[in-house]
Amino acid sequence: MNDTIKVLRSCEILGGLDGKTLEMLAGVAEQRHYALGEALFVSGDERLNFWLIVGGQIEVRVEGGDTSGTVVILGPGDALGEAGLLEPGIHSATARAASAVDVLQLPVAAIRRGLEHDAKAAMQLFAAVAHVMVRRLQYSSSRRAGWDLIYRPGLTRSEHDLLGDREVPADALYGVQTLRAVENFPITGIRLGHFPHLIRSLAMVKQAAARANRELGLLDAEIAAAIDRACSEIIDGHWHGHFVVDVVQGGAGTSTNMNANEVIANRALELLGHERGDYVHCHPNNHVNLSQSTNDAYPTAVRVAVVLELADLLAALRGLEDDLRAKAAEFHPVLKMGRTQLQDAVPMTMGQEFDAFAVTTAEDIARLEETARLFLEVNLGGTAIGTGINADPRYPELAVAKLADISGLELLLAPNLVEATPDTGAFVMFSGVLKRVAVKLSKLCNDLRLLSSGPRCGFNEINLPAVQPGSSIMPGKVNPVIPEVVNQVAFQVIGNDLTITLAAEAGQLQLNVMEPIISFAIFESLDMLTAAVKTLSERCIRGVTANADRCREMVEGSIGLVTAIVPAVGYELASEVAKEALATSRSVREILLDRGVLSAEELDRILSPEAMTAPRPIN
């Protein structure tokens, strides 16, 4: 008994339980041995036992379909089967001995009986199980670990579609068509729920459709109200985890549209007092998708989502502009050398340099706002190819008006829906502007890296904030990691622009089936740029400092000063002075004084910071 309690106490799930509870668990524990290859359980078995590995290894696998493979190898001290402690059901994976294995096997039913009259111990145990399960999902190294694997509830419901019957997890709001899409498109591992603005926009489109259909007398008021409420919940942030289809998919977005239709239908069914999957009372196609096609609902939702998500990027860019202007004011007195082609040019102030960064950021904000207006024209009501088949003639204008009210955007119905349905020109133009933003941000970061280079053997004009050690081998080294990561984001955005261009070109006839990759690339670019701009502002620009003495030293020693004296002495003489300064390493001022060309007072006036960094009358 004591040895068993010691083993139980070593388990992270059980270690925090009191002695009395551990004694109860030791009393129901059974020592078991499994030979190599022997199964502890297989997929589909009831969850009857909880195991604690004492010696050897156990392989947990998912078998069948595109997700087949090893999920994890467990060893001494690890537990498995803990999900059965929380709820009954069946295993969705298979566990086999990867070597000779010794375990403690504890029947779930016996554990539950032992805890019936000890609420405190039961709460501690269940909380520990939940904590371990969440952590395993959080730190899992496998894309496969998630809703569809080890911790999937064993209970299912049967649903039917064109291809036949399938078992869908009972607690899923999605249905059979979503399930097939998950199986068909294991492409990126990034699900629709990764982009919350898209999920909210899909719900807005469905809500607008339900309101329009109800007003036209096409949808029962009670069903419409349930759909409306379900959509409101999604807009408020609920149920996003049930949008599980991969963002990159075939079918021109049909899987995305059906994922939304099924989630909304099943949530509406619950609100109506019916079971999930009981589509007689609220059907994904007949009710939620009424008067719609994927070909108008999906692109409309994507357009709305782009405008909503752009607000985050614009806010980040405005923050960057403000930070750059603040630095421009701070660095206004710092005189430095300007450079062209990486060679000394003429003096300027560091304030001018950072003000230029701010101005270019403001220009990008203006171009993004202008181009985003293209997305306010939508094809909702065009249904399949823009002819409006299966939609009331009054529906398009009414649905767009409802969507404008829900989203708060100035949406307009496209004047020609047959033209608008396959048209992706707005994405091409907008992506081009995103690329422009990325290119200019990258150039800004290139400048920051150059200006901070050194510190002893480079420009060393500015100091970037030190945010992490820079080398695993060179002590004291600090790298410009924030500008570097922004550079890399820019490269990704530039690549996404090419993807969008090719996908837009690949459309044929009355539809562009490549819109899923277009939307994925757009949303990825928006997400990454927003994060990069925030990071650049908060972890770099705000902490930049100027090395004013170093900057002035380089100005005074620069041959570029001769440009300022050209109006006074002429180009030929200025060239001779520059050549002599380069050959002798003497300063321009010193040579001019020796030659007696200009007096010290005249040089002070000509070479003053005010004279060299702004236009002035030429005498």
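Refer to the structure printed above.
**Brief notes about the overall build of the protein chain**
Then, number 1: Across its full length, the protein chain carries 23 helices and 16 strands.
Then, number 2: In terms of its C-alpha atoms, the protein chain occupies a principal-axis envelope of roughly 105 × 75 × 40 Å.
Then, number 3: Classification of the 619 residues of the protein chain by burial places 50% in the buried group.
Then, number 4: Contacts in the protein chain between residues at least 24 apart in sequence constitute 74% of all its contacts with a sequence separation of at least 6.
Then, number 5: When the accessible surface of the protein chain is totalled, it reaches about 28400 Å², and 54% of it is carbon and sulfur.
Then, number 6: Averaging the coordinates of the 54 positive side-chain charges in the protein chain and doing the same for the 77 negative ones gives two points 4 Å apart.

**Section: the packing of aromatic side chains**
Then, number 1: This structure, assessed with the given rule, holds seven aromatic pairs.
Then, number 2: Note on F331 and F354: the rings are 5.2 Å apart at their centroids and 75° apart in plane angle, and the pair reads as edge-to-face. Separated by 23 residues along the polypeptide, F331 in the loop between α11 (294–330) and β11 (335–340) and F354 in helix α12 (residues 350–372) bring together distant segments of the chain.
Then, number 3: For F354, a relative accessible area of 0% translates into the label buried.
Then, number 4: Members of the aromatic cluster, joined through ring pairs, are F195, F520 and F523.
Then, number 5: Positioned over the ring face of F459 is R339, at 4.2 Å from the centre of the ring.

**With respect to the environment of A578**
Then, number 1: Tracing the backbone shows A578 in helix α20 (residues 571–584).
Then, number 2: Judged by relative accessible area, which is 17%, A578 ranks as buried.
Then, number 3: The spacing of A578 and P299 is 279 residues in sequence and 62 Å in space, taken between C-alpha atoms.
Then, number 4: Beyond its immediate sequence surroundings of up to four residues, A578 is in contact with I559 and V562.

**Notes on the pattern of salt bridges**
One side chain can pair with another of opposite charge once the charged atoms of both are near each other.
Then, number 1: Under the defined criterion, the tally for this structure stands at 34 salt bridges.
Then, number 2: Across the pair E321 and R325 runs a salt bridge whose closest N-O atoms are separated by 3.1 Å. In this pair, E321 and R325 both sit in helix α11, four residues apart, roughly one turn of the helix.
Then, number 3: Classification of E321 as buried rests on a relative accessible area of 15%.
Then, number 4: Taken together, the salt bridges that share partners define one network made up of E576, E580, R586, E590, D594 and R595.

**Remarks on helix α21 (residues 588–595)**
Because the α-helix completes a turn every 3.6 residues, residues three or four places apart line up on one side.
Then, number 1: Along α21, the residues that are buried comprise V588, I591 and L592. All buried residues of α21 lie within an arc of 95° about the axis, which places them on one face of the element.
Then, number 2: Residues of α21 that are buried make contact with α19 (562–569), α20 and α22 (600–606).
Then, number 3: With its phi angle positive at about 70°, G596 sits one or two positions after the end of α21.

**Overview of the nonpolar core**
Then, number 1: Ranked by size, the top nonpolar core spans 122 residues in total, and within it I227, L368, F430 and L536 carry the most contacts.
Then, number 2: If you tally residues by element for this core, the top one is α11, at 16 residues.
Then, number 3: Beyond its immediate sequence surroundings of up to four residues, L536 is in contact with L320, L441, L444, C445, L448, I482, V486 and I541.
Then, number 4: L17, L22, L106 and A121 belong to the second-largest nonpolar core, a separate cluster that totals 26 residues.

What counts and what doesn't
For every chain, the first residue of its written sequence is number 1, and the numbers climb from 1 along that sequence. With pLDDT at 70 or above as the cut-off, local features in this predicted model cover only qualifying residues; side-chain atom pairs require 80 or more to be listed or tallied, and sums for whole chains, interfaces and linings still use all residues. In computing side-chain values, all of the structure's heavy atoms are included and hydrogens and water are not. Helical segments are the DSSP runs of H or I of at least four residues, strand segments are the runs of E of at least two, and each set is numbered from the N terminus. Summary of the burial criterion: residues with accessible area below 20% of their type's maximum are buried, those above 50% are exposed, and those between are partly exposed, where the area comes from a 1.4 Å probe applied to protein chains only. When checking whether two residues touch, look at their non-hydrogen atoms; a contact exists if any pair is within 4.5 Å. Exposure was quantified through the Shrake-Rupley algorithm and a 1.4 Å probe, taking into account, for residues, occlusion by the shown protein chains and nothing else. Note that His is not counted, nor are the chain ends; the positive residues are Lys and Arg, and the negative ones are Asp and Glu. In plain terms, the charge of a residue is placed at NZ if it is Lys, CZ if Arg, CG if Asp and CD if Glu. Stacked, tilted and edge-to-face pairs are distinguished by plane angle, under 30 degrees for stacked and over 60 for edge-to-face with tilted covering the rest, among Phe, Tyr and Trp rings (Trp via its six-membered ring) whose centres lie within 6.5 Å. Consider the ring centre and the ring normal. A charge sits over the ring if Lys NZ or Arg CZ is within 6 Å of that centre and within 35 degrees of that normal. Criterion for a salt bridge: a side-chain nitrogen of Lys or Arg within 4 Å of a carboxyl oxygen of Asp or Glu. An arc is given here, and it is the one of the directions from the helix axis to the C-beta atoms. Buried residues of nine kinds, namely Ala, Val, Leu, Ile, Met, Phe, Trp, Tyr and Cys, make up a nonpolar core once their side-chain atoms join them within 4.5 Å.

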